[in-house]
Amino acid sequence: MRIGKQDNAVTSICTSDATSITVRGRDLCSEVIGHVDFTSYFWLLVTGTMPSPPQKALADAVLCAIAEHGLVPSVVATRMTYAAAPEAFHGAVAAGLLGCGSVVLGSAEVAGKFYAQVVAVSDGGDAAATAIAAIKALRAEKKAIPGFGHPQHSGGDPRAHRLLALAKEHGMEGKHIAMLRTIEAVLPEAIGRSLPINVNGAIPAVMLDAGFPLAALKGISLLARTASLIAHLQEETERPIGFIMSGAAAERIGFDDGSEPAEA
């Protein structure tokens, strides 16, 4: 049974023969291994071109910024999974990555799509008016403003500040960062209060202005967090807390037999 498109059956990423492996037009052993750092290689794999020095610098910074932030849900899921199934290291990593969604970790992708859409609609027009309309449309659907607000860094996400400063330093500020700043400026008018830019607001704005593809934005968070999850799993083998977290959850959550109506 044929499902989906059946034409254009090609790939441009990798091929190999008996003596060589070619990745994005470069010989893996003679041109990549020992010559190209991993961040540049990642950029090459995704885009097909080597990054410029500013592009590499920003990609490096973003990967560092999003890799680790303590016992967040992805880390908790990974460590608890490993505690229950220590033979499944890969499964524990996967457990953490599967929660990369619109609220935590994957929200940079959601923000990036929003900024790109608002930029496209604005297209040289009144950026502030376009931003206000887009924000009010989100609020009408009871949706959060992507890339703004943080439960801990209420005074401003330090990672966001640093990434945006680096983009300026490297001359990579463009229309997406400009729109991010516009949204920040009009929030008091649009929703009645200001909100700080968080790291998942800065990441897509910086990466899109650096030329990284919108469709691959979630990959940035996935790649970065994988490194952190491996670190947490290594620590879990030495100082396990997976079952401690499981026990704490059991103690914290009460039981409701359904006889009383749930609180709204």
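Our subject is the structure that appears above.
The rules we used
Residues numbered from 1 in each chain as written. Predicted model: local features only at pLDDT ≥ 70, side-chain atom pairs only at ≥ 80, totals over all residues. Heavy atoms only, no water. Phe/Tyr/Trp six-rings, centres within 6.5 Å; stacked < 30°, edge-to-face > 60°. Helix = DSSP H or I, 4+ residues; strand = E, 2+ residues; numbered from the N terminus. Buried < 20%, exposed > 50% of the residue type's maximum accessible area, 1.4 Å probe, protein only. Core = buried A, V, L, I, M, F, W, Y, C linked by side-chain atoms within 4.5 Å. Contact = heavy atoms within 4.5 Å. Polar contact = N/O pair within 3.5 Å; in protein donor to acceptor, adjacent residues only side chain to side chain. Axes fitted to C-alpha atoms, helices over the stretch in contact; angles between N-to-C directions. Parallel < 35°, antiparallel > 145°, perpendicular 65-115°, else oblique. Nonpolar A, V, L, I, M, F, W, Y, C, P; charged D, E, K, R; others polar. Expected span 1.5 Å × (residues − 1). Arc of directions from axis to C-beta. Salt bridge = Lys/Arg side-chain N within 4 Å of Asp/Glu carboxyl O. Pairing = 2+ DSSP bridges.

S.K.: How should the packing of aromatic side chains be read in this particular structure?
M.R.: We describe a pair of aromatic rings using the distance from one ring centre to the other and the angle between the two ring planes. Here the structure, examined in full by the defined rule, presents four aromatic pairs. Judged by centre distance (5.4 Å) and plane angle (65 degrees), the ring pair of Trp43 and Phe212 falls under edge-to-face. One end of the pair, Trp43, is in helix H2 (residues 38-47); the other, Phe212, is in the loop between helix H10 (199-209) and helix H11 (217-238), and 169 residues separate them in sequence. Note on Trp43: relative accessible area 2%, which makes it buried.

S.K.: Honestly, the nonpolar core in this entry has me stumped. Any pointers?
M.R.: Soluble globular proteins: nonpolar side chains tend toward being buried together. One finds Phe148, Leu163, Ile183, Ile203, Val206, Met207 and Phe212 to be the most contacted residues of the largest nonpolar core, which totals 53 residues. Secondary-structure elements contributing two or more residues to this core are H2, helix H3 (53-67), helix H6 (107-122), helix H7 (127-140), helix H8 (158-169), helix H9 (175-191), H10 and H11. Examining the composition of this core, we find that eight residues originate from one element, H3, more than from any other. The contacts of Phe212, once residues within four sequence positions are left out, are Phe42, Trp43, Val46, Met207, Leu217 and Ile220. The next biggest cluster of nonpolar side chains, apart from the first, holds seven residues, and it includes Tyr82, Ala92, Val93 and Leu233.

S.K.: What exactly am I supposed to notice about the side chain of His232 here?
M.R.: Structurally, His232 is set in helix H11. What makes His232 buried here is its relative accessible area of 10%. Separated by 3.0 Å, the side chains of His232 and Arg79 make a polar contact. For His232, the contacting residues outside a window of four places in its chain are Glu68, Gly70, Leu71, Val75 and Arg79.

S.K.: Is there a simple way to think about the packing of helix H4 (residues 73-84) against helix H12 (residues 242-252) in this case?
M.R.: Any two packed helices are characterised by how steeply their axes cross, that is the angle between the axes, and by the distance between the axes. Two elements in contact, H4 and H12, have axes separated by 8 Å at closest approach and are oriented at 110 degrees. Accordingly, the angle class assigned to the pair H4 and H12 is roughly perpendicular. Every residue of H12 that contacts H4 at Val76, Arg79, Met80, Ala83 and Ala84 is listed here: Gly242, Phe243, Met245 and Ser246. When grouped by side-chain class, the residues that make up the contact of H4 with H12 number six nonpolar, two polar and one charged.

S.K.: What should I look at first to understand H4 in this one?
M.R.: Two residues of an α-helix separated by three or four positions point the same way, owing to the 3.6 residues in each turn. Relative to the 16 Å expected for twelve residues at 1.5 Å per residue, H4 spans 17 Å between its end C-alpha atoms, a close match to the ideal helical length. For H4, the set of buried residues is Ser74, Val75, Thr78, Arg79, Tyr82 and Ala83. End-on view of H4: buried residues confined to an arc of 165 degrees, all on one side of the axis. H4 presents Pro73 and Ala84 as exposed residues on the side facing more than 90 degrees away from its buried surface. Close packing links the buried residues of H4 with helix H5 (89-97), H11 and H12.

S.K.: Explain the pattern of salt bridges to me, please; I cannot follow it from the model alone.
M.R.: When charged atoms on two side chains of opposite charge get close, those side chains can pair. As enumerated under the stated definition, the model contains ten salt bridges in all. Its salt-bridge partner being Arg239, residue Glu235 comes within 3.0 Å of it at the nearest N-O pair. What makes Glu235 partly exposed here is its relative accessible area of 27%. By relative accessible area, which is 57% here, Arg239 ends up exposed. When salt bridges that share partners are traced, they join Arg79, Glu235, Glu236 and Arg239 into one network.

S.K.: In this structure, what is going on with the packing of H2 against H3? I would like to understand it.
M.R.: With their axes 9 Å apart at the nearest point, H2 and H3 run at an angle of 105 degrees to one another. With respect to their mutual orientation, H2 and H3 come out roughly perpendicular. Each of Thr39, Ser40 and Trp43 in H2 lies in contact with H3, whose residues at this interface are Gln55, Lys56, Ala59, Asp60 and Leu63. Of the residues contributing to the contact of H2 with H3, the split by class is three nonpolar, three polar and two charged.

S.K.: What exactly am I supposed to notice about the sheet that holds strand E1 (residues 14-16) here?
M.R.: Working definition: the strands of a sheet are paired by backbone hydrogen bonds and lie parallel or antiparallel to each other. As summarised here, the arrangement of the three strands in space is E1-E2-E3, forming an open sheet in which the pairing is antiparallel. With partners counted over all chains shown, the strands left at the sheet margins are E1 and strand E3 (26-27), one partner each. With three bridges joining them, E1 and strand E2 (residues 21-23) adopt antiparallel strand pairing. Within E2, the position partnered with Ser16 by the bridge is Ile21.

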